Amino acid sequence: MILAFNNSMFPSLPWKGFTLDWFFGRGPDKIGIFHDDSNLRSIFTSIRVAVAVSALSTLVGTMAAFLFEHEDFKFKQAFYFLMLAPLVIPGVILGISILLFTNAVGLFFEDKLGLDMRFLAPGYWLVVFGQFSFITTITTMTISARLKKFDRTLEEAAYNLGANKLEVLRFITLKYLRPSIVGAAAIAFLMSFENFNTTLFLVGSDQTLPINLYLQVRDGSTPVINAIAFILITFTSIVAVANLYGGNKKNQT
Amino acid sequence: MKNSKPHKIRWSFIIFFIPVALWLFLLIVFPHLELLKMSFTGTDFYGKSGFTLENYGEFFKEPIYWRTFARTALYSIFVTFIVLVISLPVTFYITKIAKIKSQGFLTILVLIPFWVSELIRVYGWIILLRESGVINKFLLKIGIFKVPHEMLYNDITMVMGLVYTSMLFMIVPIIGVMESLDDALIEAAYDLGAKKTTIWRKIIIPYVTPGIMSGSIIVFMLVLGSYLTPKLMGGKNALWFTEQIYNSMIIYFNWNQGAAFGFLLLLLSSLIIFVALKVTRQDFKEVVK
């Protein structure tokens, strides 16, 4: 079993040795990918989406963590359930319902106010929103887990020493949370980068890398995909291992 | 402490609350209400839209729809079960039998493919299994096969692919729980003469049930909502329900029909999770932690 996992770490290994055409095909194509316009563009799109998603979801995730751990309010339980809901909603469904909703809102604005809401049409922003909607749940849970262990007497001590609210937040609480915030951002980046199901329904003309790869795999594969796969695996492994060693050993889902 | 600054607490509350509420309502609640609304909307003969049950009627009338639906549901349960059966010994090995030193290494080994996108993992299988793939070449060379066999595009391969892609999501939560299981309990049971199966049934499985439940829920959701694996590895004449949704949404551009299908899938997944939680008497909030 473990060998099977091992296998997927380097899917290039098995055929590298067995068949020579793949081996020879890979050499020039690995350079070839940097001349491959559609793939390059999709990588760039994916990065832009992932950066936006990880920034947004980490920010809102931090806020949500504070909200659920430190604040008390009416319907907190109901909100908490809502926050967890994306975990049990299939990505495809999330994708179509956001598509339907933004379409309805877009139509409403166009009909009633005559505004052309470009960013509500399938494309970059919809993909960002779609991924943000469920990745924020993950970031919230990651940050909450650490905030739970935070000793609130530290905050009180700082208040007693004359610090104001902002200073306490900045120098005490956020400093304490930093590892989990960095970890959450990394997780969000990777999840966004590889997301397929939700994105599938929301992409416009600029495809993200997984979608673009999927189209290529479906229509017959070329060694270029291997090259991309190899680069991706190396890249994600580095980020993941760095993240694991970064002290964030406990990964949620 | 709290009484001394009621004002400030309210302000910070509002600042934290607004983005979270916007996220939950604009991206979770309203879209799903819209989904529900769309699924009951239809265009009549004159092009006017109104309330209708047509979209759901279509689902029950056409055998291909509900057959795909049932097939997807049954296969998802089946895959979840297989994943569970394989994961239990694996996690047991990692947490209890493997040496402490190799434990961290094994955990990382298990975790890394989790970060590699599903597409690439499926692609790896395609390379291995297809007619001109690595395994076929190998078997031809050593003379087991006379002619290459197509090993892709059937249900067995698809189930295997699904099991493989979702395995980690079962292993990780179970490891989390199994780590805290006291070895002394198992040893005590041995000393008292319990058989291996009894130990599994009476001690280990009840103890790790929370992990099993959260793993099962995640795996089930992933399999039920997966699109890539069934599409790329499954048979050409056997659809997955998500493909059905994609087809009616994007190819036929029948959004009402797609919404109805989507809602049915959502209903199914919630129902099965609800039943599973009730049967094992677990709390949803505890499970997802």
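Residues numbered from 1 in each chain as written. Chains lettered and ligands numbered in written order. Predicted model: local features only at pLDDT ≥ 70, side-chain atom pairs only at ≥ 80, totals over all residues.

Draft legend 1. Structural detail: the overall build of chain A. Along the backbone of chain A there are twelve helices and zero strands. In chain A, the succession of α and β elements from N to C terminus is α-α-α-α-α-α-α-α-α-α-α-α. Counting only residues that meet the buried cut, chain A has 43% of its 253 residues in that class. Contacts in chain A between residues at least 24 apart in sequence constitute 81% of all its contacts with a sequence separation of at least 6. (Helix = DSSP H or I, 4+ residues; strand = E, 2+ residues; numbered from the N terminus. Buried ≥ 20, exposed ≤ 12 C-beta atoms within 10 Å, placed from the backbone. Contact = placed C-beta atoms within 7 Å.)

Draft legend 2. Seen up close, the overall build of chain B. On a plain count of helices and strands, chain B comes out with 13 helices and two strands. Split into buried and exposed, the 289 residues of chain B put 40% on the buried side. For chain B, the proportion of contacts with a sequence separation of at least 24, taken over those separated by at least 6, is 69%.

Draft legend 3. The arrangement of helix 3 (residues 63-97) of chain B in detail. Over its 35 residues, helix 3 of chain B extends 50 Å from the first C-alpha to the last, a length consistent with the 51 Å expected when each residue adds 1.5 Å. Along its length, helix 3 of chain B reaches its greatest deviation from straightness, about 30°, at Ser87 of chain B, and the proline Pro89 of chain B lies no more than four positions downstream. (Expected span 1.5 Å × (residues − 1). Bend = angle between axes of the 7 residues up to and from the residue.)

Draft legend 4. Spatial organisation of the environment of Asp155 of chain B. Counting through the fold element by element, Asp155 of chain B comes out in helix 7 (residues 155-178). Overall, the presence of 14 C-beta atoms within 10 Å leaves Asp155 of chain B in the partly exposed class.

Draft legend 5. Up close: the domain arrangement of chain B. Residue and element names in this part refer to chain B. Segmenting chain B into domains produces domain 1 (1-39) and domain 2 (55-287). If you look at the interface, domain 1 gives four residues, while domain 2 gives seven residues. Residues that form the side of domain 1 that touches domain 2 fall into these classes: three nonpolar, one polar and no charged. (Domains from an automatic or database assignment. Nonpolar A, V, L, I, M, F, W, Y, C, P; charged D, E, K, R; others polar.)

Draft legend 6. Local environment of the nonpolar core. Counting 121 residues, the largest nonpolar core has Ile96 and Ala188 of chain A as the members making the most contacts within it. Per element, the largest residue contribution to this core is 13 residues, and it comes from helix 7 of chain B. For this core, the two domains that each supply at least three residues are domain 1 (1-39) and domain 2 (55-287) of chain B. Setting aside its immediate chain neighbours within four residues, Ala188 of chain A contacts Val53, Ser54, Ser57, Thr58, Ile135, Ile138 and Thr139 of chain A. (Core = buried A, V, L, I, M, F, W, Y, C linked by C-beta atoms within 7 Å.)

Draft legend 7. Geometry of the packing of helix 11 (residues 241-251) of chain B against helix 12 (residues 255-280) of chain B. Residues and elements named next belong to chain B. Where helix 11 contacts helix 12, the axes come no closer than 7 Å and their chain directions differ by 160°. By the angle between their axes, helix 11 is roughly antiparallel relative to helix 12. For the pair helix 11 and helix 12, the sense of crossing is left-handed. Residue-level contacts link Phe241, Gln244, Ile245, Ser248 and Met249 of helix 11 to Trp255, Gln257, Gly258, Phe261, Gly262 and Leu265 of helix 12. Looking at the contact of helix 11 with helix 12 residue by residue, the class counts come to six nonpolar, five polar and no charged. (Axes fitted to C-alpha atoms, helices over the stretch in contact; angles between N-to-C directions. Parallel < 35°, antiparallel > 145°, perpendicular 65-115°, else oblique. Left-handed = near helix turned anticlockwise from the far one by under 90°.)

Draft legend 8. Examining the confidence of the model for chain B more closely. Residue and element names in this part refer to chain B. Taken as a whole, chain B shows an average pLDDT of 75; of its residues, 77% reach a score of 70 or greater. Here helix 13 (residues 284-287) stands out as the least confident element of chain B, with mean pLDDT 57; helix 3 is the most confident, with 84. Contacts of residues 1-7 to residues separated by more than four positions or lying in other chains number two contacts, the stretch itself having pLDDT below 50. Scoring of the predicted complex yields 0.76 for pTM and 0.75 for ipTM. (pLDDT = per-residue confidence, 0-100.)

Draft legend 9. Summary view of the environment of Ile98 of chain A. Mapped onto the fold, Ile98 of chain A is located in helix 6 (residues 91-113). The sequence separation of Ile98 of chain A and Val127 of chain A amounts to 29 residues, and the corresponding C-alpha distance is 9.7 Å. The residues contacting Ile98 of chain A, other than those within four sequence positions of it, are Leu126, Phe129, Gly130, Ser133 and Leu202 of chain A together with Leu27 and Pro31 of chain B.

Draft legend 10. Highlighting the packing of helix 9 (residues 196-224) of chain B against helix 12 of chain B. Residues and elements named next belong to chain B. Where helix 9 meets helix 12, the closest approach of the two axes is 11 Å, and the angle between their N-to-C directions is 165°. It follows that helix 9 is roughly antiparallel to helix 12 by the angle criterion. The element helix 9 and its partner helix 12 pack so that their crossing is right-handed. Across the interface between the two elements, Thr209, Met213, Ser216, Ile217, Phe220, Met221 and Leu224 from helix 9 touch Ser269, Ile272, Ile273, Ala276 and Thr280 from helix 12. Of the residues contributing to the contact of helix 9 with helix 12, the split by class is eight nonpolar, four polar and no charged.

Draft legend 11. Spotlight on the environment of Leu228 of chain B. Among the secondary structure elements, Leu228 of chain B is positioned in helix 10 (residues 228-233). A C-alpha to C-alpha distance of 37 Å links Leu228 of chain B and Ile100 of chain B, two positions 128 residues apart in sequence. The contacts of Leu228 of chain B, once residues within four sequence positions are left out, are Phe196 and Tyr214 of chain A together with Glu118, Leu119 and Val122 of chain B.

Draft legend 12. Looking closely at the confidence of the model for chain A. All names here are of chain A. With 73% of its residues at a pLDDT of 70 or more, chain A has an overall mean of 72. Element-level pLDDT for chain A is lowest in helix 1 (residues 2-9), with a mean of 35, against a maximum mean of 85 in helix 7 (residues 124-148). Between residues 1-32, whose pLDDT stays under 50, and residues either more than four places distant or in other chains, the model counts 43 contacts. The low-confidence segment residues 248-253 (pLDDT under 50) makes 13 contacts with residues lying over four places distant or belonging to another chain.

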